[in-house]
Amino acid sequence: MIRLFLSGDHPQSRVLAALLLVILVTLAFAPFLFPGTRSLETAARICIFIVLVASYDLLLGYAGIVSFAHTMFFGMGAYGVAIATQRMGTGYDALITGTVAGTALAAVFALGIALFSLRVRAIFFAMITLAIASAVGVLVSQLSGITGGEDGMNIRIPRELTPAFRPFDEPVMGLRITGRHLNYYLVFFSCLIMFLVLLRVVNSPFGRVLQAIRENAFRAEAIGYRVVYYRAMATVLSAAVAALAGAVFAIWLRYVGPATTLGVEIMLDILLIVVIGGMGTMYGAVIGTVVFVLAQNYLKDWMGGASDATSFLPLVPDLLNPDRWLMWLGILFILSVYFFPSGVVGRLRGKA
Amino acid sequence: MTLSTEHAPEHAPKMARLSLSERLQPWLPVLLVPALVLAGYLMISSPSSWLTLTVSGLAMGMMIFVIASGMTLVFGLMDVINFGHGAFVSFGAFVGVSVLLVLSGMTGAPSLLLNLLAVGAAMLAAMAVTGVLGLGFERIIVRPVYGSHLKQILVTMGGLIVAEQLIHVIWGGEEIFIGRPEMLKGSVTVFGATLEKYRLVAVGLGLVLFVIMRAVLRNTKLGLIVRAGVENPEMVQAMGYHIRRVFVLVFVAGSALAGLGGVMWALYQEMITAHMGMEIMILVFIVVIIGGLGSVEGCFIGALLVGLMQNYTAFLEPKLALISNIALMVAILMWRPQGMMPVIKAK
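Residues numbered from 1 in each chain as written. Chains lettered and ligands numbered in written order. Predicted model: local features only at pLDDT ≥ 70, side-chain atom pairs only at ≥ 80, totals over all residues.

With respect to the overall build of chain A
We count it as follows: For the purposes of this entry, the term helix denotes a DSSP run of H or I that reaches at least four residues, the term strand denotes a run of E that reaches at least two, and both are numbered from the N terminus. Any residue with 12 or fewer other C-beta atoms within 10 Å of its own C-beta is exposed, any with 20 or more is buried, and the rest are partly exposed; the C-beta atoms used are placed from the backbone.
Counting its regular elements, chain A contains 18 helices and two strands. For chain A, the spread of C-alpha atoms along the three principal axes comes to 65 × 55 × 50 Å. When burial is assessed residue by residue, chain A has 47% of its 352 residues classed as buried.

Shown next as structure tokens:
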């Protein structure tokens, strides 16, 4: 059973297995374990980012392609839902239409970019996606008639998914269930399914070919695999999953805006998480995301304390300023690329 | 010797003459610049705004060229793709602006000589700092990841993040506004078109730099080694030249030029942020790709095209400015997938 779910890709390390189990259980019972709104918000964000990062890992870790347009696809899913609910009114049909339309758009876009730039030179892909993603970002904030511009759009979702909805009169296990919790479980299960599908994909023959291409594209081509086809398919698949994650994110947050879905910062976050968690491992996305989100919440506090404690020294307080945490993460990122390219997960598996 | 002349065959070797179109072929991209200028003239009804836009497009193109030239050479020479190049632009801008703020007595004086001296000092300081920075960047960030494009992109991106954060540490998180020196403010009127003085200076400076760079690459021994290295580094190495040392030199020069470009850009925008390098890099990537990785001439033409395109579309349809450059890139890659003037690698 477990074998079926994990597609035969076991954690291969007791510590890793234990960590993954703890994370799974914690996320599954998050509403009961941490009743606060803020912690529920964090748990949902972790679920969505795990899928977003895992879909990026498919591209970066398995196919060896660097893309800077992943947040663009994420945003397409989110804006798809937002625009559909605005045009069609509140309802499940609007949510589904928006999700499908956004995902289809992302897939078509990804196919176009992939065929266009991977055909020429794989290295162009990173630069071209960066240029296109920023152009789309600028366009989204300027076409305010359709996208709400810089302000973004609020999304009206069906009442069953909002805090106002109370399905039970009595508390369940000491918790008053609201629509918000139902919404959380929608997020949790759709993310779980998407993650398992991705795990299935990378352990399929298709995934093996991608790894072969990553290791030696020339040899893979010589064996008889159409490298461009496989790379393009990986791009399309990862874009489609990113768009689905974006749609789920929009339904959860009930808001989309350029900063929350399309920003360069989110793209950099994804890159950092994949590399620190472990490229080409899928589980790295889970570990990396949890470490990253926890670090974002707690490292900053610790840095603030350290900055105050060293305020008598020159320069040191500035370096430890909580706003500079990205710098330390950047240094950690560079070190992990040099010394542990397979990240935390690779270390735990003992073959870094 | 006599033997060979006696037995030499009667006929002399003949060079097949290329037809005119074949000889023009490699230079076709050069014609794109006047073609785009002409297209701009036809699209924009008023000649005076067209002239203004053309000058500012050329100024922007020159600045992008100054920044992009180092990057394209570094790629050509060692197959290193440096996403952190933008960090040198930001650092150069911040160092240059700091110098200009210190020399505010000179920039505020109504004397062209003093103004230019101050700007020159700012540029030299920026180039010195970014050159040293480039040396460190090459050693620490780039050197361990030769041969792997994937790791290069990741690590140099990491380097860019760290460098941007360092700017925040040193100069604080706020953007800095900088006025142009007294004599470079304002504009002159030519044929009814207002041309900002600074833009004319930027065009002149860019042209001078291009000519110097071309002269160094064409007429000096170092330039010969660099050009040969771009085509076939192993062979240059085999000839006894230390190609790694040449590469470090080019990397440092490229970083210094990016720093210079940063100062020029700072005075163009009159405002600097730590993030500016990253923003410019988007245009730089387009230029480097359409020019042909490794080609300085292609980079120059590409930069002019991008600068002009950006300014014309910003006037005609402001929302499409960046998209138009993406369209330009797509069109050019359809026409020549390796860029306008690809460097033929001997491999």
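A few points about the overall build of chain B
Stated formally: All radius of gyration figures rest on C-alpha atoms, and the globule criterion is 2.2 Å times the number of residues raised to 0.38. Residue pairs qualify as contacts under a 7 Å threshold applied to their C-beta atoms, which are placed from the backbone.
Within chain B, the secondary structure is distributed over 15 helices and four strands. For 347 residues, the compact-globule estimate of 2.2 N^0.38 gives 20 Å, and chain B sits close to it at 22 Å. Referenced to the eigenvectors of the C-alpha coordinate spread, the extents of chain B come out at roughly 80 × 50 × 40 Å. Of all 347 residues assigned to chain B, the portion counted as buried reaches 50%. If you take every contact in chain B between residues at least 6 apart in sequence, the share linking residues at least 24 apart comes to 79%.

Regarding the interface of chain A and chain B
The interface is formed by 31 residues belonging to chain A together with 30 residues belonging to chain B. Counting residues per element, the ones that place at least two in the side of chain A that touches chain B are helix H6 (92-120), helix H7 (122-142), helix H14 (264-277), helix H16 (316-319) and helix H17 (325-339) of chain A.

What to know about the pairing of strand E2 (residues 187-190) of chain B
As a reminder, the rule being used: Here a strand pair is declared whenever DSSP counts at least two bridges between the two strands.
Sheet analysis places E2(B) next to strand E3 (residues 193-196) of chain B, joined by four bridges and oriented antiparallel. Residue pairing in the sheet places B:Ser187 in a bridge with B:Glu196 of E3(B).

Thoughts on the nonpolar core
Note the threshold: Note on terminology: a nonpolar core is any set of buried Ala, Val, Leu, Ile, Met, Phe, Trp, Tyr and Cys residues joined through C-beta atoms within 7 Å.
Ranked by internal contacts, the top residues of the largest apolar core, which has 235 residues, are A:Ile48, A:Ile50, A:Ala245, B:Ile64, B:Val284 and B:Val287. When near neighbours in sequence (up to four residues on either side) are disregarded, A:Ala245 contacts A:Ile48, A:Val51, A:Leu52, A:Ser55, A:Phe74, A:Gly77 and A:Met194.

Brief notes about the confidence of the model for chain A
Note the following rule: In predicted models, pLDDT denotes the confidence assigned by the predictor to each residue on a 0 to 100 scale.
On average, residues of chain A score 86 in pLDDT, and 98% of them reach the 70 mark or higher. Put simply, H16(A) is where chain A has its lowest mean pLDDT, 72, and helix H12 (residues 227-253) of chain A is where it has its highest, 93.

Examining helix H15 (residues 283-309) of chain A
Residue and element names in this part refer to chain A. For clarity, the cut-off: To estimate the expected span of a helix, subtract one from its residue number and multiply by 1.5 Å. Throughout, bend refers to the angle between the axes fitted to the seven residues that end at a position and the seven residues that start at it.
Between the first and last C-alpha of H15 there are 37 Å, a value that for 27 residues agrees with the 39 Å anticipated at 1.5 Å per step. Roughly 40° is the biggest bend found in H15, and it falls at Ala 295. Residues of H15 that are buried include every one of Tyr 283, Gly 284, Ala 285, Val 286, Ile 287, Gly 288, Thr 289, Val 290 and Phe 292, and no others. Looking at the packing, one finds that the buried side of H15 touches helix H2 (14-28), helix H4 (37-62), H14 and helix H18 (343-349).

Some thoughts on the packing of helix H5 (residues 85-102) of chain B against helix H7 (residues 112-142) of chain B
Residues and elements named next belong to chain B. Inclusion rule: Only C-alpha atoms enter the line fits that serve as axes; for helices the fit covers just the stretch in contact. Angles between N-to-C directions range over 0 to 180 degrees. For any helix crossing, the convention is left-handed if the near helix is rotated counterclockwise from the far helix by under a right angle, and right-handed if that rotation is clockwise. Residue type decides the class: Asp, Glu, Lys and Arg count as charged, Ala, Val, Leu, Ile, Met, Phe, Trp, Tyr, Cys and Pro as nonpolar, and the leftover types, Gly among them, as polar.
Interaxial distance between H5 and H7 falls to 8 Å at its minimum, and their mutual angle equals 140°. Crossing of H5 against H7: the hand is right-handed. Across the interface between the two elements, Phe 88, Phe 91, Gly 92, Val 95, Gly 96, Val 99 and Leu 100 from H5 touch Ala 118, Ala 121, Ala 122, Met 123, Ala 125, Ala 126, Val 129, Thr 130, Leu 133 and Gly 134 from H7. Looking at side-chain class alone, the contact of H5 with H7 contains 13 nonpolar, four polar and no charged residues.

Notes on the packing of helix H9 (residues 179-202) of chain A against H12(A)
Residues and elements named next belong to chain A. Heads up, the condition is: We call two directions roughly parallel when the angle between them is under 35 degrees, roughly antiparallel when it is over 145, roughly perpendicular when it lies between 65 and 115, and oblique otherwise.
Where H9 contacts H12, the two axes come as close as 10 Å, and the packing angle between them is 170°. Regarding the angle of H9 to H12, the classification is roughly antiparallel. Touching Asn 183, Val 187, Ser 190, Cys 191, Met 194, Leu 198 and Val 201 of H9 are Leu 237, Val 241, Leu 244, Ala 245, Val 248 and Trp 252, all from H12. When the residues that make up the contact of H9 with H12 are grouped by side-chain class, the tally is eleven nonpolar, two polar and no charged.

Description of the environment of A:Asn154
All names here are of chain A. Structurally, Asn 154 can be placed in strand E1 (residues 153-154). For Asn 154, a count of 14 C-beta atoms within 10 Å corresponds to the partly exposed category. It is 8.9 Å that separates the C-alpha atoms of Asn 154 and Leu 253, two residues lying 99 residues apart in sequence. Contacts of Asn 154, omitting those with residues within four sequence positions, involve Arg 254 and Tyr 255.

Let's talk about unusual backbone geometry
Trans is the common state for peptide bonds, and a negative phi is the common state for residues other than glycine. Its identity is not glycine, yet A:Arg254 carries a phi of approximately 55°, on the positive side. Counting through the fold element by element, A:Arg254 comes out in the loop between H12 and strand E2 (255-256). Given 17 C-beta atoms within 10 Å, A:Arg254 falls into the partly exposed group. A positive phi angle, near 60°, is found at B:Glu270, a position not held by glycine. Note that B:Glu270 resides in the loop between helix H12 (243-269) and strand E4 (271-272).

Structural notes on H9(A)
The periodicity of an α-helix, 3.6 residues per turn, causes residues three or four places apart in sequence to face the same way. Residues and elements named next belong to chain A. Its 24 residues give H9 an end-to-end C-alpha distance of 35 Å, which sits within 8% of 34 Å, the value for a rise of 1.5 Å per residue. Considered for burial, the residues of H9 that qualify are His 181, Asn 183, Tyr 184, Val 187, Phe 188, Cys 191, Met 194, Phe 195, Leu 198, Leu 199, Val 201 and Val 202. Elements in contact with the buried residues of H9: H2, helix H3 (30-33), H4, helix H10 (205-215) and H12.

What to know about the environment of A:Ser55
Residue and element names in this part refer to chain A. Inspection of the secondary structure puts Ser 55 in helix H4. The buried category is assigned to Ser 55, around which 28 C-beta atoms lie within 10 Å. A sequence separation of 139 residues divides Ser 55 from Met 194, and the C-alpha atoms of the two residues are 9.0 Å apart.

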